[in-house]
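# Working through the structure, step by step
The primary structure of each chain is shown beneath.
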There are 2 protein chains.
Amino acid sequence: MGGVSTVDRAERVPKQDRSRATRQRLLEAAVACLAEHGWAGSTVSVVAERAGVSRGAAQHHFPTREDLFTAAVEYVAEERSTALRALFPEGAAGDRHAVVAALVDLYTGPLFRAALHLWVAASNEDQLRPRVTELESRVGRETHRIAVDLLAVDESVPGVRETVQGLLDMARGLGLANLLTDDAARRERVVEQWAGLLEQALGRVRD
Amino acid sequence: MGGVSTVDRAERVPKQDRSRATRQRLLEAAVACLAEHGWAGSTVSVVAERAGVSRGAAQHHFPTREDLFTAAVEYVAEERSTALRALFPEGAAGDRHAVVAALVDLYTGPLFRAALHLWVAASNEDQLRPRVTELESRVGRETHRIAVDLLAVDESVPGVRETVQGLLDMARGLGLANLLTDDAARRERVVEQWAGLLEQALGRVRD
């Protein structure tokens, strides 16, 4: 983003744009591929073809398979975080229930499915494990931060931090329950009930 | 288990015992194998070798790979359910916190890891999906029943069913968070906090 200071700026910017667009297509194709075919079925070649990019161009952007798929999960997680914050520009503002439902939604789409495949593969693959562990912790911290902001809670109050963490653990478990079957109806009832429990537990919305 | 009514009972029972012992060794080896190597690394041959059983004998007990691994996850889930009930012969009896911790423990060992590999594989493999979906729903219902019994709650009270379901979803999410790193310290704090919130939500222990 920005920072090109040479004279041939007009010529170079479009090239950068193209490169950025290619990168983005690769990242989105990688997440879709992981969600549909799992780690075993997800190679750089398959993703390049899906993105309509040559294998060489894909490898220019992402030298290894691990680079491509960890970057993809991180990219889509960031997109989703931005979208979530945009949904509640003023935070919970009295509607914590909607925030809880939106947080749970983070864990029921293709991104969660892709991330799950990556986590599970990482648990058996030494090359992948450190990368995914680091990624998971970064994404987890960011999600926690968003949850605290949108729920408008005060983490200096004892127990609030753990209450929010447990909510996100529950959301992750609901995502897992949605893996093989459409669990939406049951999930909605659980979210309704737990949003009420949280309302009681978290106290008033922070100013 | 019982039921042999012919005259050569004395001779046949030991053979049945041997067969049962072989089956059990195969099931335990299958779960360990799945937990350690994932679905891709888990074949009938690998499990037979680990169990010290010939491939032919393994196939006599379990004609297909799907048969072996779904039976294995079910067997170990039943063992764990029995063990959990035995831990609390009189139900919660005033110590719901211990029950919540024990329920969460169901999702942090090798069984959960094995089941997770099977679920994730099933999400991409048509041969496996219906078997695992059916298994997951059966094990899920049994775990819910145990939770209701041990927590000594009354499901006819509105919201109680969903509160218990959400607790089991949280437990599943905590299991996932433990996949790549040892999450025990954080988990203990979350369980402590939510056990307290649940105590308030679930009302008095049922008679």
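Residues numbered from 1 in each chain as written. Chains lettered and ligands numbered in written order. Predicted model: local features only at pLDDT ≥ 70, side-chain atom pairs only at ≥ 80, totals over all residues. Heavy atoms only, no water.

## A few points about the interface of chain A and chain B
By a widely used convention, the size of an interface equals the accessible area lost when the partners come together. Formally: Here a residue-residue contact requires only that any non-hydrogen atoms of the pair lie within 4.5 Å. Note: buried area is the sum, over both parts, of the accessible area (probe 1.4 Å) each one loses when the two are combined. Salt bridge, as used here: a side-chain nitrogen of Lys or Arg that lies within 4 Å of a carboxyl oxygen of Asp or Glu. Here a polar contact is taken to be a pair of N or O atoms separated by no more than 3.5 Å, where protein atoms must pair a possible hydrogen donor with a possible acceptor and residues adjacent in sequence count only if both atoms sit in side chains. Numbering of helices and strands runs from the N terminus, with a helix taken as a DSSP run of H or I at least four residues long and a strand as a DSSP run of E at least two residues long.
Taken together, the contacts link 41 residues of chain A with 41 residues of chain B. Contact with chain B buries surface across chain A, with A:Leu176, A:Leu180 and A:Trp194 losing the most and accounting together for 20% of the total. Between chain A and chain B we count four salt bridges in total. Joining chain A to chain B, the criterion identifies 15 residue pairs in polar contact (both at pLDDT 80 or more). At the level of secondary structure, the elements contributing two or more residues to the side of chain A that touches chain B comprise helix 1 (9-37), helix 6 (110-122), helix 7 (129-151), helix 8 (160-177) and helix 9 (184-202) of chain A.

## As for the environment of A:Asp154
All names here are of chain A. Basically, it comes down to this: Burial classification: accessible surface area is computed with a 1.4 Å probe over protein chains only, and a residue below 20% of its type maximum counts as buried, one above 50% as exposed, and the rest as partly exposed.
Its location among the elements puts Asp 154 in the loop between helix 7 and helix 8. For Asp 154, a relative accessible area of 34% gives the class partly exposed. Between the C-alpha atom of Asp 154 and that of Leu 202, which follows or precedes it by 48 residues, the distance is 8.5 Å. At a separation of 2.7 Å, a polar atom in the side chain of Asp 154 contacts the side chain of Ser 156.

## Examining the nonpolar core
Which entries qualify depends on this criterion: Residues belong to one nonpolar core when they are buried, are Ala, Val, Leu, Ile, Met, Phe, Trp, Tyr or Cys, and are joined through side-chain atoms within 4.5 Å.
Within the largest apolar cluster, 138 residues are counted, with the highest numbers of intra-cluster contacts made by A:Leu116, A:Leu151, B:Leu116 and B:Leu151. Apart from residues lying up to four places away in sequence, A:Leu116 is in contact with A:Leu176, A:Leu179, B:Leu116, B:Val120 and B:Leu176.

## Some remarks on the pattern of salt bridges
Counted according to the given criterion, the structure contains 30 salt bridges over all chains. The partner of A:Arg85 in a salt bridge is A:Asp149, and the shortest N-O contact between them spans 3.0 Å. In this pair, A:Arg85 is assigned in helix 4 (residues 65-87) and A:Asp149 in helix 7, connecting sequence segments 64 residues apart. A:Arg186 is paired through a salt bridge with B:Asp169; the nearest N and O atoms lie 2.9 Å apart. Here the residue A:Arg186 occupies a position in helix 9, and B:Asp169 occupies one in helix 8 (residues 160-177), the pair thus bridging two chains.

## What to know about the confidence of the model for chain A
Residues and elements named next belong to chain A. This is how it is decided: Scored between 0 and 100, pLDDT is the confidence that the predictor attaches to each residue.
Mean pLDDT over chain A stands at 89; residues scoring 70 or higher make up 90%. For chain A, helix 1 is the element with the lowest average pLDDT, namely 86, and helix 2 (residues 44-51) is the one with the highest, namely 97. Within the model, the stretch residues 1-7 combines pLDDT values under 50 with five contacts to residues more than four positions away or in other chains.

## Observations concerning the environment of A:Val132
Residue position: A:Val132 is located in helix 7. In this structure A:Val132 comes out as buried when scored by relative accessible area, which is 1%. When the C-alpha atoms of A:Val132 and A:Val73 are compared, they prove to be 9.5 Å apart, with 59 residues separating the residues in sequence. In this structure A:Val132 touches A:Thr70, A:Leu118, A:Trp119, A:Ala122 and B:Leu180, once residues within four positions along its chain are discounted.

## Section: the relation of the copies chain A and chain B
The condition is simple: To line up the copies, we fit them by least squares on C-alpha atoms, keeping just the residues with pLDDT of at least 70 in both.
Relative to chain B, chain A is turned by 180° and slid 0.0 Å along the rotation axis, the superposed coordinates differing by an RMSD of 0.1 Å. Overall, the copies show the geometry of a two-fold rotation axis. When the interface residues of chain A are mapped onto chain B, 100% of them again fall at the interface, so both copies present the same face.

## Quick notes on the UniProt feature "domain: HTH tetR-type" (unreviewed entry) in chain A
Basically, it comes down to this: UniProt positions are given in the numbering used here, feature names are shortened, and annotations may be inferred rather than shown by experiment.
Here, the residues flagged by UniProt with the feature "domain: HTH tetR-type" (unreviewed entry) are residues 20-80 of chain A. Note that residues 20-80 of chain A is 80% helix and 0% strand, and that its end C-alpha atoms are spaced 19 Å apart.

## Brief notes about the UniProt feature "DNA-binding region" (unreviewed entry) in chain A
Using the residue numbers shown here, the UniProt feature "DNA-binding region" (unreviewed entry) corresponds to residues 43-62 of chain A. Secondary structure across residues 43-62 of chain A divides into 75% helix and 0% strand, with the first and last C-alpha atoms of the span separated by 12 Å.

## A word on helix 9 of chain A
Spelled out, the test is: A helix is expected to span 1.5 Å for every residue after the first.
Counted at 1.5 Å a residue, the expected span for helix 9 of chain A with its 19 residues is 27 Å, and the 25 Å between its end C-alpha atoms agrees. Packing partners of the buried residues in helix 9 of chain A comprise helix 5 (96-105), helix 7 and helix 8 of chain A together with helix 8 and helix 9 (184-202) of chain B. In the segment just after helix 9 of chain A, A:Gly203 is the residue with positive phi, at about 75°.

## Looking at the packing of helix 5 of chain A against helix 7 of chain A
All names here are of chain A. To keep things clear, this is the line we draw: Axis definition: a line fitted to C-alpha atoms, over the contacting stretch in the case of helices. Angles run 0 to 180 degrees between N-to-C directions. Roughly parallel means an angle under 35 degrees; roughly antiparallel means over 145; roughly perpendicular covers 65 to 115; every other angle is labelled oblique. It is the rotation of the near helix from the far one that decides the hand of a crossing: anticlockwise by less than a right angle makes it left-handed, clockwise makes it right-handed.
Viewed as axis vectors pointing N to C, helix 5 and helix 7 meet at an angle of 165°, and their least axial separation amounts to 10 Å. Between helix 5 and helix 7, the angle falls in the class roughly antiparallel. The interaxial crossing formed by helix 5 with helix 7 has right-handed handedness. Across the interface between the two elements, Arg 96, Val 99, Val 100 and Leu 103 of helix 5 pack against Ala 147, Leu 150 and Leu 151 of helix 7.

## A short note on the packing of helix 5 (residues 96-105) of chain B against helix 9 of chain B
Residues and elements named next belong to chain B. For the pair helix 5 and helix 9, interaxial distance at closest approach is 9 Å and the crossing angle is 130°. It follows from the interaxial angle that helix 5 and helix 9 lie oblique. For the crossing formed where helix 5 meets helix 9, the hand is right-handed. Here helix 5 contributes Arg 96, His 97, Val 100, Ala 101 and Val 104 to the contact with helix 9, which in turn contributes Arg 187, Val 191, Glu 192, Ala 195, Leu 198, Glu 199 and Leu 202.

## Description of the packing of aromatic side chains
Our working definition: In this analysis, rings of Phe, Tyr and Trp, with Trp reduced to its six-membered ring, are considered paired at centre separations within 6.5 Å, and the interplanar angle assigns stacked below 30 degrees, edge-to-face beyond 60, and tilted for intermediate values. We call a charge positioned over a ring when the NZ of a Lys or the CZ of an Arg lies within 6 Å of the ring centre and within 35 degrees of the ring normal.
Applying the stated criterion to the full structure yields seven aromatic pairs over all chains. With a centroid separation of 5.5 Å and an interplanar angle of 80°, the aromatic rings of B:Trp39 and B:Phe69 are classed as edge-to-face. With a gap of 30 residues between them, B:Trp39 in the loop between helix 1 (9-37) and helix 2 (44-51) and B:Phe69 in helix 4 (residues 65-87) connect regions that are remote in the sequence. Here the two residues B:Trp39 and B:Phe69 agree in accessibility, since each one is buried. Connected via pairs of aromatic rings, a cluster forms that spans A:Tyr107, A:Phe112 and A:Trp119. The ring of A:Trp39 carries the charged tip of A:Arg65 above its face, separated from the ring centre by 3.8 Å.

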